[in-house]
Amino acid sequence: MRLLRIVPDDTKFDFMRFRRISFPMSALLSILAISLYFFHGLNFGIDFKGGTLIEVQSKTGPADLAKMRAALSALGLGEVQLQQFGAPNDVLIRIAEQPGGEVAQQQAVAKVRGALGNEVEYRRVEVVGPRVSGELLSYGVVGLMLAIFAILIYLWFRFEWQFALGAMIANVHDIVLTIGFMSITQVDFDLTSIAALLTILGYSLNDTVVIYDRIREMLRRYRKMPMPDLLNASVNQTLSRSVITHVTVSLALLALLLFGGQAIHSFTATMMFGVVLVGTYTSVFIASPILIYLGVGTGRDALTAPERKK
Amino acid sequence: MLYFTRWKAAAIMLTALIVCLFAVPNFLPDKMVQSWPKWAQRHVVLGLDLQGGSHILLEVDSNAVRKEKLESLRDDVRRVLRDARVGYTGLVVRGNSVEVRIREGSNFDQALEKLRELSQPIGGILGASSGQRSLDITTEADGLVRLTLTEPAITERIRQSVEQSIQIIERRVNELGTVEPLIQRQGIDRILVQVPGLQDPTRLKELLGKTAKLDFRMVDVSIPPEQAAQGRIPPDDEILYSSTQPRTPYLVEKRILVSGADLTDAQPGFDQRTSEPIVSFRFNTSGARKFAQVTQENVGKPFAIILDNQVISAPVIREPILGGSGQISGSFTVESANDLAILLRAGALPAPLTIIEERTVGPGLGQDSIAKGKLSSYVGAAMVIAFMLVTYGLFGLFANIAVAINVAMIFGILSMLNATLTLPGIAGIVLTVGIAVDSNVLIYERIREEVRAGRTPINAIDAGFSRALATILDSNITTFIAAAVLFYIGTGPVRGFAVTLGIGILTTVFTAFTLTRLIVAYWVRWRRPQRVPI
């Protein structure tokens, strides 16, 4: 049986030359993502904003959104959002945080139950009070920072500081672009999104580390090769692996995206964007060429230079 | 890299087998597993998002605890000064302190000495060594003594309240007859209650939210409550309202005759004459004695039965109640009578609890999520398996075997830990399949490279393994760090994702370093290949 080869042997793409395009492009996209964050904003879910989320399923065929909206807006609960969620008889109700502390949130749920009565099945009710939402947000942000810092330390020990710094720049870039994606698509930004961001961080680094490992190996073997050539060779040698792995991860994510249901839809969509699109691009076009600027490999051909650590 | 001593190979296979075996109870009916020893019964617990249920986070009202603690301190000060016959003025609670001014001529030093005895070491006898005390006592020139509650003392009191509350909540929730409710402390002042399989958590929330402080007090009939409400409330009385609409005011004495703490039992029932639902109760000995005395002295007068500062009913005492039992009637439904009986049996909470977070998933959604999780896992696995076969042929099959064992081991470890599987957790497993394949891809691609570099097949396989494994370790540790952080900060479903992802990384590294190598090594020994089939 002839086996499938997606990437032919011995490719010689000049990835490093592309940096003259990829760096400005990434800079531009990052600025765009940051301005999106500030001017368009994220669609904070109740985890971080507080409030109530109720998923109901109409027991009598497709849900009548207009009727439900009328019934709920009469309750005086402020902003109430209704949205079809997956099937036509599933409706997601979002109620903004009620003034009056923790007790007021619970009263809001009781009112909704009263207004919609028994015509619907209550599939999910989530109420997050003001105190918890504040804590969850700070936990999320601190967690993300902590993860980036811990990984930075690890890479610094395993490689050299230039590699650690390069990987960090690449991955902050990933996170920034993903946040931009979340802003454009306005997916709910909640705890699951933090999980998605952390996983993207992990995977993207995984990819970067594989290429860095190869670069380190090449640095030891070819002491006189110019850096751009060496980096190109490293990326090309690992290209087949990068592509195959991304195909398998995409296949797994695709299954989750198509069949995993609404509950994890935004999670997988974000992952698909972050891991497959951005992560791959970053490790090839950002993480590797940036090593040139960070001064990796300069002076390694000088005979007086001390032997690098094994 | 391809040589394994016999005992090493056996150890690897045995480890994998044992870990996989732990997954078995998940796939057998409960009845069969019940007769097994406890350690073998361990299994994966479905998260609330999959089996349906309620996750409720409660917080003890720390202001109420503080206020109660300050008021009892004020009463202590009054008692101490009275007993010592020390004159004083201006005994008030101010902020976190109780202030009192010792009157001139009184023995100031002696009074101070007595007040100092109120300051206790924190944590009882066991905590005495910490040297922290419950009060800071300062004095000012004009005879003012300020007793301030220390922060550790308040924290300690909140901690105790949480502990008592947990016991009471356990009693209340167990009465609902649900399976395996989880009730545990979170942080200093919070309690997490997780109850699986509830259709409607309204009743649960009502049982959790009530303090259930029951008092019996006399009704003051000397002036009509409406008149008293307009500003002439006698100092020993207060106005309380009925629990039912319309809210009728009652003028009741502040003095508590008998409290709910003296109850030994409470049962729902029906009134024999009116057949209305009622709650009948029984006092303990001292409660019965007090109740008998009070009813003897007050025949013909009304008394009030008060629950959480609302008057449930205010019957007139027709005759002395000597038997130590009685009944409460007051527009109950069968269910509310039953709930009140549960609350009274379980006892009153030391301080009010507030629901600060609630997440409830109905059983219907849980079923759907399980079905969707299964479907997406099967489809994802099938696609990955097919892709690996097409790309690597026989070695793809080896990889698929390794990944299958990998997934079985994940379930085995999850079972050993009695871990909770959530929908994001299933996503974590599906992603692990993706990443587990990656370790094989790294190895195989390296072997391909070594072949191209001109090595003999066996040499190439050997070199492929040894070079790829270092990379696999490095790349997986970074993902593991992310998973660990996620576990640390996450709650509920997100933590479930972190757990499966983290365990998945461990098993992936294990299988890549041992099983995949072992399989390939046996194949090499068996076939002595002339070319590498990838």
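Residues numbered from 1 in each chain as written. Chains lettered and ligands numbered in written order. Predicted model: local features only at pLDDT ≥ 70, side-chain atom pairs only at ≥ 80, totals over all residues.

### What to know about the overall build of chain B
Secondary structure assignment for chain B yields 16 helices and 19 strands. At 34 Å, chain B has a C-alpha radius of gyration far larger than the 24 Å of a compact globule built from 534 residues. With respect to the three principal axes, the spread of C-alpha positions in chain B is 110 × 70 × 40 Å. Every one of the 534 residues in chain B was classed for burial, and the buried ones make up 42%. Residue pairs in contact within chain B that sit at least 24 positions apart in sequence constitute 69% of those at least 6 positions apart. (Helix = DSSP H or I, 4+ residues; strand = E, 2+ residues; numbered from the N terminus. Rg over C-alpha atoms; globule rule 2.2 N^0.38 Å. Buried ≥ 20, exposed ≤ 12 C-beta atoms within 10 Å, placed from the backbone. Contact = placed C-beta atoms within 7 Å.)

### What about the environment of F44 of chain A?
Residues and elements named next belong to chain A. Looking at the secondary structure, you find F44 in strand β1 (residues 43-44). Here F44 falls in the partly exposed class, since 16 other C-beta atoms lie within 10 Å of it. Distance in space between the C-alpha atoms of F44 and S193 is 10.0 Å, their sequence separation being 149 residues.

### Considerations on the interface of chain A and chain B
Tallying the contact residues gives 60 residues for chain A and 57 residues for chain B. Elements that contribute at least two residues to the side of chain A that touches chain B include exactly β2 (51-58), α4 (101-116), β5 (120-128), α5 (130-158), α7 (191-221) and α9 (239-259) of chain A. Broken down by class, the residue content of the side of chain A that touches chain B amounts to 34 nonpolar, 15 polar and 11 charged. Pairing of β5 of chain A with strand β18 (residues 353-361) of chain B, which is carried by five bridges, proceeds in the antiparallel orientation. If you follow R124 of chain A over to β18 of chain B, its bridge partner there is V361 of chain B. (Nonpolar A, V, L, I, M, F, W, Y, C, P; charged D, E, K, R; others polar. Pairing = 2+ DSSP bridges.)

### With respect to the confidence of the model for chain A
All names here are of chain A. On average, residues of chain A score 86 in pLDDT, and 96% of them are at 70 or above. When mean pLDDT is taken per element in chain A, helix α1 (residues 19-40) scores highest with 92 and α4 scores lowest with 85. This stretch, residues 302-310, has a pLDDT under 50; its non-local contacts, to residues over four places away or in other chains, come to three contacts. (pLDDT = per-residue confidence, 0-100.)

### Focus: helix α8 (residues 151-174) of chain B
With 24 residues, α8 of chain B extends 34 Å between its outermost C-alpha atoms, agreeing within 8% with the 34 Å of an ideal straight helix rising 1.5 Å per residue. Considered for burial, the residues of α8 of chain B that qualify are A153, R157, I158, S161, V162, S165, I169, R172 and V173 of chain B. (Expected span 1.5 Å × (residues − 1).)

### Focus: the nonpolar core
The biggest cluster of nonpolar side chains holds 203 residues, and the ones touching the most others in it are A252 of chain A together with V433 and L486 of chain B. With 17 residues, the single largest contributor to this core is helix α13 (residues 363-416) of chain B. Those residues within four positions of A252 of chain A in sequence are excluded, and the remaining contacts are G380, V384, V430, L431, V433 and G434 of chain B. Listed in part, the 14 residues of the second largest apolar core include L70, V77, L81 and V100 of chain B. (Core = buried A, V, L, I, M, F, W, Y, C linked by C-beta atoms within 7 Å.)

### Description of the pairing of β5 of chain A
Residues and elements named next belong to chain A. Of all nine residues in β5, eight are buried; the element is thus mostly enclosed. As judged from the eight bridges shared by β2 and β5, these two strands associate in the antiparallel manner. Counterpart to L53 in the pairing with β5 is E126.

### What to know about unusual backbone geometry
Of note, the phi angle at Q186 of chain A is positive, near 55°, even though the residue is not glycine. Among the structural elements, Q186 of chain A can be located in the loop between α6 (161-185) and β6 (188-189). For Q186 of chain A, a count of 12 C-beta atoms within 10 Å puts it in the exposed group. Look at A212 of chain B: it is not a glycine, yet its phi comes out positive at around 65°. For A212 of chain B, the location among the structural elements is in the loop between α9 (202-209) and β9 (214-218). Residue classification places A212 of chain B among the buried positions, given that 21 C-beta atoms sit within 10 Å.

### Considerations on the packing of α6 of chain A against α7 of chain A
Residues and elements named next belong to chain A. Interhelical geometry of α6 versus α7 gives an angle of 145° and a closest axis separation of 10 Å. Judged by the sense of rotation from one axis to the other, the crossing of α6 with α7 is right-handed. Across the interface between the two elements, F163, A167, A170, N171, D174, I175, T178 and M182 of α6 pack against S193, L197, I200, L201, S204, L205, T208 and Y212 of α7. When the residues that make up the contact of α6 with α7 are grouped by side-chain class, the tally is 10 nonpolar, five polar and one charged. (Axes fitted to C-alpha atoms, helices over the stretch in contact; angles between N-to-C directions. Left-handed = near helix turned anticlockwise from the far one by under 90°.)

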